[in-house]
Amino acid sequence: MKLLQDKVAIVTGAARRRGIGLATARMFAEHGARVAILDLDAEEARQAAAELGPDHLSLACDVTRRADCLAAVEEVVRRHGGVDILVNNAGVTQKRGVMDVSDEDYAIVLDTNLRGVLHMSQAVIPHLQARGGGSITCISSLSALQGGGVFGGSHYCAAKAGILGLVRAMALELGPDNIRVNGVAPGLILTDFSRGGTSDDYKHDKARSFPLRRVGQPGDIAGACLYLASELATYVTGITLDVNGGAYIRP
């Protein structure tokens, strides 16, 4: 059964070969969606969309720029007739102690991780309303829940926690429009997000202490996004779905 047949989905930050965004775009396409891959790197985005097939679209987009987000969404609507699903995945991290976070560091991390979610959501919401509803999923982090993680600094934790507040606010406001808004908080995932800051061996070693005894794969997060975007989750909004192998179990 294809859970997203004939749906149009936008996934931001989706060009990296070993990333959550591309895994999500790939899974959405396998379930019948037409996917628009948005990324800073236009060529990587083009290659990623080409891998998915001719029905899929790539667009260069800097989510920190409102005009970029509006233009990208308008192009998706022009090409595919509308939008049903948004996955806010674009992000950046830095390893910094709290006393080492500069104004520039703070701006880079907050603008990409948090302001970018607002920009893309604002660009998509009118089109979801025109469709009579839809789904927005925002990728947060385990760091938002426990105040730190393997790599991200305090400003990264703050940005990812802010996403969860924004998710709840949007869910409350947009529920009457049949727009569901949810968060996903990945734990330790085998991606290149930290750009070499932590090795795969380190991640595998650390994961031996988790209840499920393994590090997460991008597809594990993609599956959570698929659930939240599909009709399986039509009565689910305002939640944070933890996907961390049991590394952090809330009371």
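To be clear, the structure that these remarks concern was listed above.
Residues numbered from 1 in each chain as written. Predicted model: local features only at pLDDT ≥ 70, side-chain atom pairs only at ≥ 80, totals over all residues. Heavy atoms only, no water.

1. Quick notes on the overall build of the chain
Then comes step 1: Along the backbone of the chain there are eight helices and seven strands.
Then comes step 2: Taking 251 residues into account, the globule formula puts the C-alpha radius of gyration at 18 Å, and the chain, at 17 Å, falls close to it.
Then comes step 3: Overall, the C-alpha framework of the chain stretches about 45 × 40 × 35 Å when taken along its three principal axes.
Then comes step 4: Within the chain, the fraction of its 251 residues that count as buried is 52%.
Then comes step 5: Residue pairs at least 24 apart in sequence account for 72% of intrachain contacts in the chain once pairs closer than 6 positions are excluded.
Then comes step 6: Here the chain displays about 11400 Å² of accessible surface, and carbon together with sulfur accounts for 51% of that area.
Then comes step 7: Put simply, the chain has 26 plus and 27 minus side-chain charges, and the middle of one group is 4 Å from the middle of the other. (Helix = DSSP H or I, 4+ residues; strand = E, 2+ residues; numbered from the N terminus. Rg over C-alpha atoms; globule rule 2.2 N^0.38 Å. Buried < 20%, exposed > 50% of the residue type's maximum accessible area, 1.4 Å probe, protein only. Contact = heavy atoms within 4.5 Å. Areas by Shrake-Rupley, 256 points an atom, 1.4 Å probe, with all protein chains shown as cover. Lys, Arg positive; Asp, Glu negative; His and termini not counted. Charge placed at Lys NZ, Arg CZ, Asp CG, Glu CD.)

2. Observations concerning empty space enclosed by the protein
Summary: where empty space remains is shown by rolling a probe the size of a single water molecule over the atoms.
Then comes step 1: Within the structure shown, the criterion is met by one cavity of 30 Å³ or more.
Then comes step 2: If you add up the space inside the largest cavity, you get close to 40 Å³.
Then comes step 3: What lines the largest cavity is simply T12, V63, N88, N89, A90, T112, G116, V117 and M120. (1 Å grid on protein atoms, 1.4 Å probe; cavity = no way out; pocket = protein on both sides within 12 Å on 5 of 7 lines; lining within 4 Å. Points joined across faces, edges and corners; volume = space filled by probe spheres on them.)

3. Concerning the packing of helix α1 (residues 20-30) against helix α8 (residues 218-229)
Then comes step 1: Taken N-terminus to C-terminus, the directions of α1 and α8 make an angle of 50°; their axes are 8 Å apart at the nearest point. Relative to α8, the element α1 is oriented oblique. The handedness of the crossing between α1 and α8 is right-handed. From α1, I20, A23, T24, M27 and F28 reach across to α8, where they touch P218, G219, I221, A222, G223, C225, L226 and A229.
Then comes step 2: Split into classes, the residues belonging to the contact of α1 with α8 amount to ten nonpolar, three polar and no charged. (Axes fitted to C-alpha atoms, helices over the stretch in contact; angles between N-to-C directions. Parallel < 35°, antiparallel > 145°, perpendicular 65-115°, else oblique. Left-handed = near helix turned anticlockwise from the far one by under 90°. Nonpolar A, V, L, I, M, F, W, Y, C, P; charged D, E, K, R; others polar.)

4. Details of the pattern of salt bridges
Then comes step 1: For the structure on display, the rule yields twelve salt bridges.
Then comes step 2: R214 is the partner of D220 in a salt bridge, and the nearest nitrogen-oxygen pair spans 3.0 Å.
Then comes step 3: With a relative accessible area of 29%, D220 lands in the partly exposed category.
Then comes step 4: Given a relative accessible area of 42%, R214 falls into the partly exposed group. (Salt bridge = Lys/Arg side-chain N within 4 Å of Asp/Glu carboxyl O.)

5. Here's the deal with the nonpolar core
Then comes step 1: In this structure, I10 and M120 are the most contacted members of the largest nonpolar core, which totals 32 residues.
Then comes step 2: Of all the secondary structure elements, the ones that give two or more residues to this core are β1 (8-12), β2 (34-39), β3 (57-60), α3 (66-80), α4 (103-131), β5 (134-139), α6 (154-174) and β6 (179-186).
Then comes step 3: The contact partners of M120, leaving out residues within four places of it in the chain, are I10, T12, L38, C61, V63, C69, V73, L86 and N88.
Then comes step 4: One finds A29, I221, C225 and L228 within the second-largest nonpolar core, a separate group that totals 31 residues. (Core = buried A, V, L, I, M, F, W, Y, C linked by side-chain atoms within 4.5 Å.)

6. As for the layout of surface pockets
Then comes step 1: The volume enclosed by the second largest pocket comes to roughly 290 Å³.
Then comes step 2: Lining the second largest pocket are 17 residues, and of these K7, G134, R180, A229 and E231 lie nearest its centre.
Then comes step 3: Residues belonging to the lining of the second largest pocket are distributed by class as follows: four nonpolar, eight polar and five charged.

7. Structural notes on the sheet that holds β5
Then comes step 1: Spatial ordering of the open sheet is given by β3-β2-β1-β4-β5-β6-β7, a layout of seven strands whose pairing is parallel. Edge strands, defined here as strands with exactly one partner in the open sheet, are β3 and β7 (240-243). When strand polarity is set aside, the average angle formed by the axes of neighbouring strands in this sheet is 20°.
Then comes step 2: The pairing of β5 with β6 spans six bridges and is parallel. Following the sheet pairing, I139 is matched in β6 by V184.
Then comes step 3: Set on the sheet, α3 makes contact with β1, β2 and β3; between it and β3 the angle comes to about 160°. (Pairing = 2+ DSSP bridges.)

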